[in-house]
Amino acid sequence: MEAYTNITITMETKEQAVKAVEIIKDIAANRTPEFETELTTFIEDIEIKENVVEVDSSCSLMSNTFCEMMPQIMRSFGWHDLGKVTMNAYYFSCNCGYEANCTGKRFKNGKVRVTLEERE
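Conventions we followed
Residues numbered from 1 in each chain as written. Predicted model: local features only at pLDDT ≥ 70, side-chain atom pairs only at ≥ 80, totals over all residues. Heavy atoms only, no water. Salt bridge = Lys/Arg side-chain N within 4 Å of Asp/Glu carboxyl O. Buried < 20%, exposed > 50% of the residue type's maximum accessible area, 1.4 Å probe, protein only. Helix = DSSP H or I, 4+ residues; strand = E, 2+ residues; numbered from the N terminus. Expected span 1.5 Å × (residues − 1). Contact = heavy atoms within 4.5 Å.

A. A look at the pattern of salt bridges. The tally for this structure, following the rule as stated, stands at seven salt bridges. Two residues, Lys49 and Glu47, come together in a salt bridge whose shortest N-O distance is 3.6 Å. Taking the relative accessible area as the measure of exposure, Lys49 reaches 43% and is therefore partly exposed. With relative accessibility at 41%, the residue Glu47 sits in the partly exposed group.

Here it is, written out as structure tokens:
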């Protein structure tokens, strides 16, 4: 498998970014991985740069996991006091050309908008 996950989640503060990573790790920890190291590798690839959570070309997630977990992560931000949040997550499989893009926005009032697009 050669597939890459890229994620950029922009928060208002570094503290919110740290909280977002805790939420992401909790969601990943409560999933059953499709292969043994899928989620542990993904978690290891998460970085915080100032107020931005990034995953850069992580060769970890399967397409099903990406398409289920990314919208779940974005929706879960609506339950937490994280201010404004924008997310762009992109998945690309080099083997078959499958692509998925998940975008999301959390407004200050807690409402969340999430879009998932898939292309084969």
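B. Spotlight on helix α3 (residues 63–76). In this model, α3 (14 residues) spans 20 Å end to end at C-alpha, consistent with the 20 Å of a helix rising 1.5 Å per residue. Among all positions of α3, only Thr65, Phe66, Cys67, Met69, Met70, Pro71, Ile73, Met74 and Ser76 are buried. Check the buried side of α3 and you find it contacts β1 (3–10), α1 (14–29), α2 (38–44), β4 (85–93), β5 (99–106) and β6 (112–119).

C. The side chain of Ser93, seen in detail. Along the chain, the position of Ser93 falls in strand β4. Relative accessible area serves as the criterion here: at 8%, Ser93 is assigned to the buried category. Those residues in contact with Ser93, other than ones at most four positions away along the chain, are Glu2, Ala3 and Tyr98.

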